Amino acid sequence: MTAPAAITPIEFIFLGTGPSNAIPDVTCLTRPNPSCKVCLLATQPAERDSRPPRRSDPRVAEVQMWNKNRRGNTSGIYRYRDATGTIKNILIDCGKTFYASAVQWFVHYNIQQIDAVILTHDHADAVMGLDDLRSWTLHRDGPVQSTIPIYLNQSTYTVISSIFPYIINASKATGGGHIPSLTFHIFDTPTLTTFPPFLINATLPVTPFPVEHGRKGSDPYYCTAFLLPHLTYISDTNHIPAPVFELVRRSENRVLVLDCLREKDFASHQGYESAIPCAEALGVPRVYFMGFNHECEHGEFEKVLESEEWGKGLREKGVKAEVAFDGLVIQL
Ligand SMILES: [Zn+2]
Ligand SMILES: [Zn+2]
């Protein structure tokens, strides 16, 4: 997807690359004789680090950097420059681990404002952090911003309305607590034949499209994925419908973020047995897999991608595939 003249995509920062429970899973650590290799690694500090800080104020101590197997809920920040040269930060998803990820990566990369949030679907690992956005809109030293625009489809809005009625309607608040100021923008839900685009903050074009993410009764449950200028983002899927392949191919985006839970497929997520062939078929030149659970060790999956068995097809298609990790920054 080409960027309009007024938009210059800069980078994407992975805030989280893990499953709904995040890694480490606490019960892997508290059981007698813990044996979960990935969760144990996730408790280790980083050795060498490829995530240099960008903080400007030395009074804020550097945050602890962890082993690449430590993973929050899938989420990231799309950053671009607008026509005035101002950098804008678009948060994709705001799940259960959002605040912890923000304490880590917003501090590490010195990110202040959230110019908008886009939500992929209504699961807890995509929406349960919305209440924590109040830190940005209410603060004893003055808010960072007066409100945060939230872009979502109608079904996600309906679920959020039932989880957080007081965010939608402040008169439903009880007990006098603080409430974030969020402004909801409902985009048209895409179908398998129509992908109605919308603009974020009247400037950034986004094309939503549906991917299957498990079942809802006898029908597929759909998660929304997005085409942004230069970036295709597919966070939660066990099956990508055929019309979507054409949409992604035609977009000519050069970067793809793609769901991959572990080796084997799962009811609501693809394993690399499907994600790697999917990346080959989509043919986007740079692919970053994310969404790993504790059956998938970072270094071992890197070796899988290098292997003849799994990596050959990607290389033949000219696809450079990498294993994403929390805090990874990629240029767009
Ligand atoms: Zn574990
Ligand atoms: Zn989900």
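Please read these numbers as outputs of a predicted model, since none were measured by experiment.

K.L.:
How should I be thinking about the overall build of the protein chain in this particular structure?
P.N.:
Counting secondary structure elements, the protein chain contains 11 helices and 14 strands. Computed over its C-alpha atoms, the radius of gyration of the protein chain comes to 19 Å, within 12% of the 20 Å expected for a compact globule of 332 residues. When each of the 332 residues of the protein chain is scored for burial, the buried share is 52%. Pairs at least 24 apart in sequence give 70% of the contacts found in the protein chain among residues at least 6 apart. On the protein chain, roughly 14900 Å² of surface is accessible, and the fraction owed to carbon and sulfur atoms is 52%. Positive and negative side-chain charges of the protein chain, numbering 30 and 35 respectively, have mean locations separated by a distance of 3 Å.

K.L.:
Explanation requested: helix 3 (residues 98-108) in the structure shown.
P.N.:
It helps to recall that an α-helix has 3.6 residues per turn; residues three or four apart then point in one direction. Among the residues making up helix 3, those that are buried are Phe98, Ser101, Ala102, Gln104, Trp105, Phe106 and His108. Here the buried face of helix 3 lies against strand 1 (8-16), strand 2 (75-81), strand 3 (87-92) and helix 5 (134-137).

K.L.:
For this particular structure, what's the right way to read the coordination of the zinc ion (ligand 1)?
P.N.:
Expected angles at a metal are 109.5 degrees for tetrahedral coordination by four donors and either 90 or 180 degrees for octahedral coordination by six donors. The protein atoms that coordinate the zinc ion (ligand 1) are Cys28 (SG), Cys36 (SG), Cys39 (SG) and His294 (ND1), at distances spanning 2.1 to 2.3 Å. Between the four donor atoms coordinating the zinc ion (ligand 1), the angles at the centre fall across 96 to 116°, so the site counts as tetrahedral. Mapping the donors of the zinc ion (ligand 1) onto the primary sequence yields the spacing C-x7-C-x2-C-x254-H. Of the two residues, Cys39 sits in helix 2 (residues 37-41) while His294 sits in the loop between strand 12 (286-290) and helix 10 (298-306), which places them 255 residues apart along the sequence.

K.L.:
Before we go on, may I ask you to explain helix 9 (residues 272-282) in this structure?
P.N.:
Of all the positions in helix 9, only Tyr272, Ala275, Ile276, Cys278, Ala279, Glu280 and Leu282 are classed as buried. Where helix 9 is buried, its residues contact helix 8 (242-251), strand 11 (255-259), strand 12, helix 10 and helix 11 (308-316). Directly after helix 9, the chain includes Gly283, whose backbone phi takes a positive value near 70°.

K.L.:
I would appreciate a short explanation of the coordination of the zinc ion (ligand 2) in the present structure.
P.N.:
Coordination of the zinc ion (ligand 2) by the protein comes from His121 (NE2), His123 (ND1) and His213 (NE2), over a distance range of 2.1 Å. Of note, the donors binding the zinc ion (ligand 2) are all from one chain and are spaced H-x1-H-x89-H. Here His121, found in the loop between strand 4 (116-118) and helix 4 (124-127), pairs with His213, found in strand 8 (residues 204-216); they are 92 residues apart in sequence, far enough to count as distant. The pair formed by His121 and His213 is uniform in burial state, with each residue classed as buried.

K.L.:
Would you mind showing me how to read the pattern of salt bridges here?
P.N.:
Close approach of charged atoms allows side chains with opposite charge to pair. As enumerated under the stated definition, the model contains 12 salt bridges in all. Glu246 is paired through a salt bridge with Arg249; the nearest N and O atoms lie 2.3 Å apart. Here Glu246 pairs with Arg249, and both are found in helix 8, just three residues apart, close to one helical turn. Sharing partners across several salt bridges, the network here consists of Glu11, Arg54 and Arg79.

K.L.:
Looking at this structure, I do not really get the layout of surface pockets. What am I missing?
P.N.:
The gaps left among the atoms become clear once a water-sized probe is rolled over them. By volume, the largest pocket is sized at about 550 Å³. Phe106, Val107, Asn110, Ile111 and Gln112 are, among the 18 residues lining the largest pocket, the residues nearest its centre. Looking at which element gives the most residues to the lining of the largest pocket, the answer is helix 3, with five residues. When its residues are assigned to classes, the lining of the largest pocket shows nine nonpolar, six polar and three charged. Looking at the second largest pocket, its volume works out to about 340 Å³. If you go around the second largest pocket, you meet 16 residues; those closest to its centre are Ala46, Glu47, Arg48, Asn67 and Lys68. Ranked by residue count, the leading element in the lining of the second largest pocket is helix 10, at three residues.

K.L.:
Explanation requested: the UniProt feature "domain: Metallo-beta-lactamase" (unreviewed entry) in the protein chain in the structure shown.
P.N.:
Mapped onto the present numbering, the UniProt feature "domain: Metallo-beta-lactamase" (unreviewed entry) falls on residues 89-290. The span residues 89-290 shows a helical share of 27% and a strand share of 28%, and its end C-alpha atoms are spaced 20 Å apart.

K.L.:
What's the story with the sheet that holds strand 12 in this structure? I'm lost.
P.N.:
Sheet strands associate in pairs through backbone hydrogen bonding, adopting either a parallel or an antiparallel arrangement. If you trace the seven strands from one edge of the open sheet to the other, you get 7-8-9-10-11-12-13, paired in mixed fashion. Of all the strands in the sheet, the pair left with one neighbour each is strand 7 (198-200) and strand 13 (320-323). Along the sheet, successive strands turn relative to each other by an average axial angle of 30°, direction set aside.

K.L.:
Is there a simple way to explain the nonpolar core in this structure?
P.N.:
Side chains of nonpolar character tend, in soluble globular proteins, to be buried together. In this structure, Phe209, Leu258, Ile276, Phe289 and Phe301 are the most contacted members of the largest nonpolar core, which totals 34 residues. The set of elements that each furnish at least two residues to this core consists of strand 8, strand 9 (219-228), helix 8, strand 11, helix 9, strand 12, helix 10 and helix 11. For Phe301, the residues in contact, after removing those within four places along its chain, are Cys260, Tyr272, Ile276, Phe289, Phe292, Cys296 and Val323. Counting residues in hydrophobic clusters, the runner-up holds 29 residues, among them Phe98, Ala126, Val127 and Ile150.

So, how was this worked out
- Residues numbered from 1 in each chain as written.
- Chains lettered and ligands numbered in written order.
- Predicted model: local features only at pLDDT ≥ 70, side-chain atom pairs only at ≥ 80, totals over all residues.
- Heavy atoms only, no water.
- Helix = DSSP H or I, 4+ residues; strand = E, 2+ residues; numbered from the N terminus.
- Rg over C-alpha atoms; globule rule 2.2 N^0.38 Å.
- Buried < 20%, exposed > 50% of the residue type's maximum accessible area, 1.4 Å probe, protein only.
- Contact = heavy atoms within 4.5 Å.
- Areas by Shrake-Rupley, 256 points an atom, 1.4 Å probe, with all protein chains shown as cover.
- Lys, Arg positive; Asp, Glu negative; His and termini not counted.
- Charge placed at Lys NZ, Arg CZ, Asp CG, Glu CD.
- Donors = N, O, S within 2.8 Å, 3.2 Å for Na, K, Ca; no water.
- Tetrahedral: all angles 85-135°; square planar, octahedral: opposite > 155°, others 65-115°.
- Salt bridge = Lys/Arg side-chain N within 4 Å of Asp/Glu carboxyl O.
- 1 Å grid on protein atoms, 1.4 Å probe; cavity = no way out; pocket = protein on both sides within 12 Å on 5 of 7 lines; lining within 4 Å.
- Points joined across faces, edges and corners; volume = space filled by probe spheres on them.
- Nonpolar A, V, L, I, M, F, W, Y, C, P; charged D, E, K, R; others polar.
- UniProt positions renumbered as here; feature names shortened; annotations may be inferred.
- Pairing = 2+ DSSP bridges.
- Axes fitted to C-alpha atoms, helices over the stretch in contact; angles between N-to-C directions.
- Core = buried A, V, L, I, M, F, W, Y, C linked by side-chain atoms within 4.5 Å.

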